[in-house]
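Summary of structural features
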Amino acid sequence: MTRRSCAIYATGIVCAHLLIVGIALVVAQVFQTMIHSRLKKEITLTEKSQVFESWKNPPPPVYMEYYFFNVTNPEVFLAGGKAAVKQIGPYTYREYRPRENVTFLENGTKVYALNPKSFVFVPEKSAGDPTVDIIRTVNIPFVAVMSELNSYSFFLRTLVSMYMNSLGIDIFMTRTVHEVLWGFKDPLLTKLHSMRPEVDEYFGLMWKKNGTHEGEFVFHTGEENYLDYGKIDTWNGLREMSWWSSNLSNMINGTDGAVFHPLINRKERLYIFAADLCRSIHLEYVEDVEVKGIQAYRFAPPNDVLQSPKVNPYNEGFCVPAGDCLGTGVLKVSVCREGAPIVVSFPHFYQADPEYINAIDGLNPNKEEHETYLDLQPTTGVPIRACKRAQLNIILKRVNGFPKTKHINETIFPIMFVNETAIIDDDSASQMRTLLLIVTLVSNFPLLIVGMGIILLLVLVVLFCRNRQKKNEVKRIDFTEAFHSFTTAKDETAYTQVSDKPDGPPETPANQPMKNGSYIAMSPVEAQKC
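Let me sum up the structure you'll find in this document. All values reported here derive from a predicted model rather than from experimental measurement.

Another aspect to go through is the overall build of the protein chain. Within the protein chain, the secondary structure is distributed over 12 helices and 20 strands. Expressed as a percentage of the 530 residues in the protein chain, the buried residues total 43%. The contacts in the protein chain between residues at least 6 apart in sequence include a share of 64% that link residues at least 24 apart.

Next comes the structure, spelled out in structure tokens:
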């Protein structure tokens with residue numbers, strides 16, 4: 001066997017082994033299963049996990065942008081006209097949210113933690129100075145007291161209304177942004193506090209929320225099931241709430257929005273429990289996006305989250321009392337806001353019924369500025385970018401006994417909205433890209449084997465063709481040489497005299513027959529007798 005033949009056979013054997021092994025690994029998904037198993041074990045809320053520290057102290061900066069709706073025509077609204085508002089802001093604060101009092105429970109399958117939040121003003125990202133800028137907005141303490149008295153007698157409501165007028169308290173108030181946001185001593189609440197000490201005399205949209213937490217959480221670590229990673233087991237000791245009118249609506253589902261299980265697919269429905277919204281909401285896949293070179297899935301709340309129960313019967317449980325429902329795009333949360341007629345929605349009533357948008361001049365809902373979404377890296381489940389946007393509103397309507405409300409039309413009035421944003425920092429993004437590259441290489445290693453097999457197959461074909469071509473050339477050369485030899489031999493079979501004697505009859509012994517002479521490449525043959 002020639003060296004060329006040995007090379008062909010060796011290449012063929014190696015090629016066959018690579019293709020067989022590679023295809024078998026691809027079909028069996030051995031490496032992909034191996035890397036997925038590794039991810040499921042590594043991504044857990046345990047001290048040995050690499051993600052535990054980032055869960056305790058999230059590295060990406062979180063910013064809270066507050067926008068307010070300044071009322072420009074309060075007199076027109078009180079006279080029965082349409083209110084007009086102008087958006088001002090943002091007033092941006094850096095949010096810090098470390099996990100504290102972290103304690104493992106039930107053999108490490110659950111973890112207890114508090115999540116206090118603190119806020120620091122960021123002037124360079126803000127539109128003005130909150131301690132100086134003044135806004136005119138709805139007097140929420142006034143409306144809350146008026147709403148509380150709605151079930152009392154007309155006589156009592158009239159007395160309270162007269163007392164409020166004597167204090168100069170009106171439906172609208174003018175305060176600085178800082179006061180509205182972080183609190184001020186309200187004259188009406190101060191009077192109530194003197195009669196009922198449990199009533200706080202200070203009011204602010206974020207009053208007592210700087211440096212405090214939203215409750216005590218117990219999370220699943222994901223040790224038993226990777227799909228439970230980060231899911232809330234209990235909130236303030238509860239596995240379900242009691243505010244709403246159905247068991248489905250009272251369920252505490254999903255995570256707190258900080259983490260999600262690895263290996264997310266596009267068909268999944270993800271759940272988040274939002275304590276500030278007093279309920280769980282679900283997210284669905286929207287599109288593929290890229291953030292800092294990292295591929296991610298965008299999830300967002302679908303239209304049915306805040307749909308009217310007439311369209312989506314599953315939302316009937318959020319009507320309190322049962323049957324007292326609002327339209328699409330708004331949710332009344334009085335049950336968890338001490339009875340105040342507070343309504344939440346997306347900014348500018350995005351995805352809400354047109355009647356709410358058209359009731360106020362100055363609103364312009366759009367997807368780019370007002371959509372809530374979450375960009376998740378599907379392999380690890382890590383949030384790459386998040387935008388949580390929610391608007392605070394209050395119901396204004398006529399209340400008998402309060403003359404100032406006798407002309408107003410019932411309106412869900414916007415107060416402010418917040419844009420909570422976070423995006424992965426550059427160092428974490430670099431680490432994530434490196435991790436994903438390793439995962440991709442390991443998962444696709446069988447394809448590399450198949451690719452090498454295909455390359456060797458091509459090399460084998462080339463070697464085989466060249467070898468076959470070489471053999472054909474050798475055969476042609478042999479045939480030509482043989483033909484040439486045959487032709488030459490035929491020409492040389494002419495009788496050639498060996499001796500130099502002159503032509504004449506040769507002398508032959510009488511007793512010896514005459515024979516031909518010697519010829520080249522031929523044996524002597526006896527001449528035939530004539």
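That covers the picture; the talk isn't over yet.
This paragraph deals with unusual backbone geometry. Across the junction of glycine 89 and proline 90, the peptide omega takes the value 5°, indicating a cis bond. As for its position among the elements, proline 90 is in strand S2 (residues 83–96). Going from valine 320 to proline 321, the amide bond is cis rather than trans, its omega being -5°. Relative to the helices and strands, proline 321 resides in the loop between strand S14 (294–300) and strand S15 (330–332). The phi dihedral of histidine 348 falls on the positive side, at around 60°, and the residue is not glycine. Within the fold, histidine 348 resides in the loop between strand S16 (342–345) and helix H9 (354–358). Positive phi, normally seen in glycine, also occurs at glutamine 351, with a value near 65°. Residue position: glutamine 351 is located in the loop between S16 and H9.

On to the environment of isoleucine 264. Among the structural elements, isoleucine 264 can be located in the loop between strand S11 (232–235) and strand S12 (269–274). Residue classification places isoleucine 264 among the buried residues on the basis of a relative accessible area of 6%. Each C-alpha atom of the pair isoleucine 264 and glycine 381 lies 6.4 Å from the other, and the pair is 117 residues apart in sequence. Not counting residues within four places of it along the chain, the set of residues in contact with isoleucine 264 comprises Tyr297, Phe299, Leu376, Pro378 and Gly381.

With that out of the way, let us pick up the state of the cysteines. Under the definition given, this model contains 2 disulfides. Paired through a disulfide, cysteine 278 and cysteine 336 show a sulfur-sulfur distance of 1.7 Å. Of note, the bridge from cysteine 278 to cysteine 336 carries an S-S torsion of about 85° and is right-handed in sense. You can see cysteine 278 sitting in the loop between S12 and strand S13 (279–291) and its partner cysteine 336 sitting in the loop between S15 and S16, a full 58 residues away along the chain. Here cysteine 278 matches cysteine 336 in class, with each residue buried. In this model, cysteine 319 is linked to cysteine 325 through a disulfide, with the two sulfur atoms separated by 1.9 Å. Disulfide cysteine 319-cysteine 325: torsion about the S-S bond near 120°, hence right-handed. What makes cysteine 325 partly exposed here is its relative accessible area of 32%. Cysteine pairing in the protein chain follows 1-4, 2-3, where each cysteine in a disulfide is numbered by its order in the sequence.

Definitions and limits used
Residues numbered from 1 in each chain as written. Predicted model: local features only at pLDDT ≥ 70, side-chain atom pairs only at ≥ 80, totals over all residues. Heavy atoms only, no water. Helix = DSSP H or I, 4+ residues; strand = E, 2+ residues; numbered from the N terminus. Buried < 20%, exposed > 50% of the residue type's maximum accessible area, 1.4 Å probe, protein only. Contact = heavy atoms within 4.5 Å. Disulfide = S-S within 2.5 Å.

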